[in-house]
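# Reading the structure
Residues per chain, in single letters:
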Amino acid sequence: MTSLRIFFVGGLTSYRALFNWLTPWILIPSFLIAPLFQILLFAYIGRTTHLESDRFYVIGNALQYAAVPCLFAMGNTIGGERFQHTLPLVLTTPAGRLPLFIGRSVPVIANGFVVSGFALVTGSALLGVHVPISAVAPLVLVAAVTAFSCTGLGLCNAALGLRVRETAVTSNILFGFLLVFCGVNVPLSSLPAWMSTIAEGLPLTHGIAAARQLAGGAGLGKVAGLVGAELLIGCIYVVGGYALLRLMEIESRRRGTLEIA
Amino acid sequence: MAAIEAEKLRRTYRQTSGFVRRRTKTIEAVRGIDFEVNEGELFGLLGPNGAGKTTTIKMLVTLLIPTSGAARVLGHDVVHSARTVRRNIGYVFGGDRGAYERLSGLDNLRYFSELYGVPPKVQKRRIPELLELVGLMGREKERVEGYSRGMKQRLHIARGLLHDPPVVVLDEPTIGLDPVGARELRNTIAELAQAGKTVLLTTHYMYEADALCDRIAVIAEGEIVAEGTPTALKSVVADRTVVEIEAYGLPAGALERVRASPGVTSVSVEEREHVQLLLVQAPKGLELTQQLLGCLGDVRVGRVAAREPTLEDAYVSLVTGS
Amino acid sequence: MKALRLVAIGWLFQMKMLSRSSFDGLLGILWPLFFATTAFFMFRTSHDSRALLYAALGSSVMGIWSSTSVAASSALQRERWYGTLEAIVGTPAHFSLVLIPITLAMSTVGIYSMAATLLWGRFLFGIGVHIVHPLLFVIAVPTTVLAIGLLGFLLSVTVVRYRTAWALGNALEYPVWLVCGFLVPLSLFPDWVRPISWALAPTWGVRAIRQAALGGAPLWPVAACIGLAALYGIAGTLLVDTVLRSARRTATLSLT
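Residues numbered from 1 in each chain as written. Chains lettered and ligands numbered in written order. Predicted model: local features only at pLDDT ≥ 70, side-chain atom pairs only at ≥ 80, totals over all residues. Heavy atoms only, no water.

The subject of this paragraph is the overall build of chain C. For chain C, the helix and strand inventory stands at 12 helices and 0 strands. From first element to last, N terminus to C terminus, chain C shows the α and β order α-α-α-α-α-α-α-α-α-α-α-α. Relative to its length of 256 residues, chain C is compact, with a C-alpha radius of gyration of 18 Å against a globular reference of 18 Å. C-alpha extents for chain C along the principal axes are approximately 60 × 35 × 35 Å. With 256 residues in all, chain C has 60% of them scored as buried. A separation of at least 24 residues holds for 80% of the contacts in chain C among residues at least 6 apart in sequence. With the model as given, the accessible surface of chain C reaches about 9900 Å², and the carbon-plus-sulfur share is 73%. One finds the centroid of the 17 positive side-chain charges in chain C at a distance of 5 Å from the centroid of its 7 negative side-chain charges. (Helix = DSSP H or I, 4+ residues; strand = E, 2+ residues; numbered from the N terminus. Rg over C-alpha atoms; globule rule 2.2 N^0.38 Å. Buried < 20%, exposed > 50% of the residue type's maximum accessible area, 1.4 Å probe, protein only. Contact = heavy atoms within 4.5 Å. Areas by Shrake-Rupley, 256 points an atom, 1.4 Å probe, with all protein chains shown as cover. Lys, Arg positive; Asp, Glu negative; His and termini not counted. Charge placed at Lys NZ, Arg CZ, Asp CG, Glu CD.)

Before going further, it helps to examine the nonpolar core. In terms of nonpolar packing, the biggest core is built from 239 residues, with Y100 and L200 of chain B together with F35, F43, F95, W177 and F182 of chain C touching the most fellow members. Residue contributions to this core peak at 15 residues, all from helix α3 (residues 54-83) of chain A. There are two domains that each give this core at least three residues, and those are domain 1 (4-228) and domain 2 (235-319) of chain B. Ignoring any residue separated from it by four or fewer positions in sequence, one finds Y100 of chain B in contact with N108, Y111, F112 and V144 of chain B together with F13, M17, E79, Y82, T84 and I88 of chain C. In terms of nonpolar packing, the next biggest core, distinct from the first, is built from 14 residues, V243, A254, V258 and V267 of chain B among them. (Core = buried A, V, L, I, M, F, W, Y, C linked by side-chain atoms within 4.5 Å. Domains from an automatic or database assignment.)

All names here are of chain A. The N-to-C vectors of helix α6 (residues 136-161) and helix α9 (residues 205-215) enclose an angle of 175°; their axes lie 10 Å apart at closest approach. Considering their axes alone, α6 and α9 lie roughly antiparallel with respect to each other. Contacts from P138, L139, V142 and T146 of α6 reach α9 at G207, A210, A211 and L214. In the contact of α6 with α9, the residues fall into 6 nonpolar, 2 polar and no charged. (Axes fitted to C-alpha atoms, helices over the stretch in contact; angles between N-to-C directions. Parallel < 35°, antiparallel > 145°, perpendicular 65-115°, else oblique. Nonpolar A, V, L, I, M, F, W, Y, C, P; charged D, E, K, R; others polar.)

As a further point, take the domain arrangement of chain B. Residue and element names in this part refer to chain B. Domains assigned within chain B are domain 1 (4-228) and domain 2 (235-319). For domain 1 and domain 2, the distance between their C-alpha centres works out to 35 Å. Summing both partners gives a buried area of about 680 Å² for domain 1 against domain 2, and 84% of it is carried by carbon and sulfur. The three residues of domain 1 that bury the most area against domain 2 are P48, M206 and V218, which together make up 52% of that side's buried surface. Viewed at the interface, domain 2 and domain 1 are joined by 0 residue pairs in polar contact (both at pLDDT 80 or more). At the level of elements, α7 (206-212), β9 (215-220) and β10 (223-228) are the ones that each hand at least two residues to the side of domain 1 that touches domain 2. Broken down by element, the side of domain 1 that touches domain 2 gets its largest block of residues, 3 residues, from β9. A per-class count over the side of domain 1 that touches domain 2 returns 8 nonpolar, 1 polar and 1 charged. (Buried area = accessible area lost by both parts, 1.4 Å probe. Polar contact = N/O pair within 3.5 Å; in protein donor to acceptor, adjacent residues only side chain to side chain.)

Our focus in this paragraph is the pairing of strand β11 (residues 240-248) of chain B. Residue and element names in this part refer to chain B. Counting buried positions along β11 yields 8 of 9 residues, so the element is predominantly enclosed. Sheet analysis places β11 next to strand β13 (residues 276-283), joined by 8 bridges and oriented antiparallel. Counterpart to V242 in the pairing with β13 is Q281. Direction of pairing for β11 relative to strand β14 (residues 300-307): antiparallel, over a ladder of 6 bridges. When the bridges of β14 are listed, Y248 appears paired with R300. (Pairing = 2+ DSSP bridges.)

In this section: unusual backbone geometry. Residue and element names in this part refer to chain B. Of note, the phi angle at L74 is positive, near 50°, even though the residue is not glycine. Relative to the helices and strands, L74 resides in the loop between β4 (68-73) and β5 (76-77). The buried category is assigned to L74, whose relative accessible area is 17%. One non-glycine residue, D164, adopts positive backbone phi at about 50°. Among the secondary structure elements, D164 is positioned in the loop between α5 (149-161) and β7 (167-171). Taking the relative accessible area as the measure of exposure, D164 reaches 42% and is therefore partly exposed.

Residues and elements named next belong to chain C. The predicted model of chain C has a mean per-residue pLDDT of 90, with 97% of residues at 70 or higher. Per-element averaging of pLDDT across chain C places helix α8 (residues 165-171) at the bottom with 82 and helix α10 (residues 194-199) at the top with 96. Among the prediction metrics, the complex's ipTM stands at 0.91, with pTM recorded as 0.86. (pLDDT = per-residue confidence, 0-100.)

Let's shift gears to the layout of surface pockets. Estimated volume of the second largest pocket: approximately 470 Å³. Lining the second largest pocket are 21 residues, and of these F37 of chain A together with P175, V179, W192 and V193 of chain C sit closest to its centre. Those elements that provide at least two residues to the lining of the second largest pocket are α2 (24-49) and α5 (97-127) of chain A together with α7 (134-158) and α9 (173-179) of chain C. (1 Å grid on protein atoms, 1.4 Å probe; cavity = no way out; pocket = protein on both sides within 12 Å on 5 of 7 lines; lining within 4 Å. Points joined across faces, edges and corners; volume = space filled by probe spheres on them.)

On to the packing of aromatic side chains. Each aromatic ring pair is described using two quantities: the centre-to-centre distance and the angle formed by the ring planes. Evaluation of the coordinates by the stated rule reveals 24 aromatic pairs over all chains. Plain terms: the ring middles of F177 of chain A and F34 of chain C are 5.4 Å apart, the flat faces sit at 65° to each other, and that makes the pair edge-to-face. On the criterion of chain membership, the pair formed by F177 of chain A in helix α7 (residues 167-181) and F34 of chain C in helix α2 (residues 22-44) is interchain, its members lying in two chains. A relative accessible area of 8% means that F34 of chain C is categorised as buried. Ring geometry for Y100 of chain B and Y111 of chain B: centres 5.8 Å apart, planes at 80°, overall edge-to-face. Residue Y100 of chain B is located in the loop between β6 (89-93) and α3 (105-115), and its partner Y111 of chain B is located in helix α3; the two are separated by 11 residues in the primary sequence. Y111 of chain B gets classed as buried once you look at its relative accessible area, which sits at 3%. Through a chain of ring-to-ring contacts, three or more aromatic side chains come together here, namely F42, Y65 and F175 of chain A together with W31, F35, Y174 and W177 of chain C. Geometry around F56 of chain A places R212 of chain A over its ring, the cationic atom sitting 3.5 Å from the centre. Above the plane of the ring of F112 of chain B lies R159 of chain B, whose end atom (NZ or CZ) is 5.2 Å from the centre. (Phe/Tyr/Trp six-rings, centres within 6.5 Å; stacked < 30°, edge-to-face > 60°. Lys NZ or Arg CZ within 6 Å of the ring centre and 35° of its normal.)

This paragraph deals with the pairing of β4 of chain B. Residues and elements named next belong to chain B. With 5 bridges connecting them, strand β1 (residues 4-17) and β4 associate as antiparallel partners. Along β4, the bridge assignment pairs I4 with V73. Relative to β5, β4 runs antiparallel, the two being bridged by 2 bridges. Looking at the pairing, R72 lines up with D77 of β5. If you look at the hairpin formed by β4 and β5, you'll find 2 residues sitting between the two strands, and L74 has a positive phi there, around 50°.

Structure follows, in structure tokens:
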């Protein structure tokens, strides 16, 4: 029960307090304008190079934006607390670490999910991309799973935040890697082999692939394997991120770097 | 001609709250004050936090436009001749922000020299002079982020003097400094006045105003409640005596009983670590000690002493309006 | 003359300050590279070396805009944060002459990113950069930097009341890349977009750089760039006075 409270209450308040992303002045430009223009940018490059259909880019970029809050928000949670000197306070409480950090990720996942959905709908409308009605429910599922797996990566990023100061920089770099590697705009087959191999192990890759098939009319059963893979990768990153967090926490306690803001 | 004149100077702030339904609240920060600072004078603006000192200063240095009334610096209006005023006034604010921390103190001074339009030749001479004056010589090539609070504050002073202004305004320059640093800074301020500059200083430290200022204006809740030389202000309470009582945990109601006690003109309490220091003012010659102790009931009492009033007592009496 | 000196010294001062934050600078170079890499992979499928060079030149200008849009939109906010805004406003210098060097320095730093993108394209994607008019290229690049810096100046003044302008600056990154034709020809857009593209100096900057490198008449776009830069400068300067006066009236200079 206590764990549950830390999970929900702690998660929500820290999310609010730490970066106030709930103000429309940040939400609208960061989560509505930016994803939309990223879709348009790559869709137009796609039209120039005659590489793929508009739908390819709408799905890829919209789903990538599920990852953005997950990377930035998780990293900021740690970085922000360090900035406000509350990190040692939080870490000295006996609260269980897993509900503490995972709890912080729930609003983040929800955020990523909404952003992704908005980008998908408006991007499709603007570019005249048709997505079958029957695909909507499965797409929602895939977006949620993708947001979850990206949060795993966000957790790793947050753990890094215990060591390096600039989580905003690491978040941006991770975003860039996902952009290039995960088949967001470049089909995996067009990437060098070593890159597509790495992509197989990253969150987002399978989610995007599944979503593209769904939007193309495939049933949920056909993409079950891809969704499962995304979910599995997500779990691995969550567990890995959690382990890394504990490791970094112990490490930084030993080296006394927690206070350093 | 006065170096600084304020005429019915008034400034209000509007605060808005709420996002959907906006509510506005008007706050009177400065409520129409008049004062003059003569050329070459060191004038103190004294008052508690939130009394309107900084707002007044910001209107004088052209950072705020008065809501009504007027102010002039060397005869130039602060609203209509803002640039002329800026050329003639040096503004030093307290606190450790206000410099480019990633760069050296010297870089900061060079940059601001440009902004003040100081010719390169003059800069070469003046910057070392100022570094010497504020005691930063030898540390000027270090990054400001490594400076102590006192060093940053002294850098502010140097910055405010780059263009050799005839009028210098210092807003709580010693705030947050250790005692040694604060004393050094006061010496520097005294030197400025000796060099013939008109200095306007705000502070809430009494001894600072007492030691430095030729004249003082006491400001409380946006109004000037008294003005004069430190000696003249002290005379407000010259016919009084001050009883200091240390009490360990004042019981509820004790303060009210003391205040209502016959003969008492003003009471204030200073919270110290484990003890409250009660300061009671009463007319000279009145023996109140026993009567006051009676008011306190059976609380444990430490030191009890009667003494001559200081400028601080005059200030307390003025600010609390008794 | 005095104004020119103030801008030049201010620019040097800002460059010095920017050079002290290498970690941010690293991101400034890496960030456009991710997009350039994606674009290179996309253009590579066309097997047209000219298309790749077109993409390389266009994406090299992306970094100039990126470093300007984010930093310029929050330039005033940053001065507030340092506590230096009041100190600057309290000086007799005209405020636009203080602000222009700040945004100009930011666009200048973008040249690093430009070089990095061209080298990246050269060594990882084998995009040979052969420049037809080297002299005009050398003119086109600083002109573009100047025009983008002044666009940043206008932006910084326009968004001064916007507390979280960095978010807006971030969001403006892609639209300009897109609308100014960094990577796609303007002819692909609906007609109503075209006047917007023409009013934005980066459109002409990237065109000048391309024509200088690939062959063409880059002098016209250079002239358009300079003309627009002057317009931004004048508009921004006029706006600065209004903005500052209102800030002194509403007491918003010192707020963080």
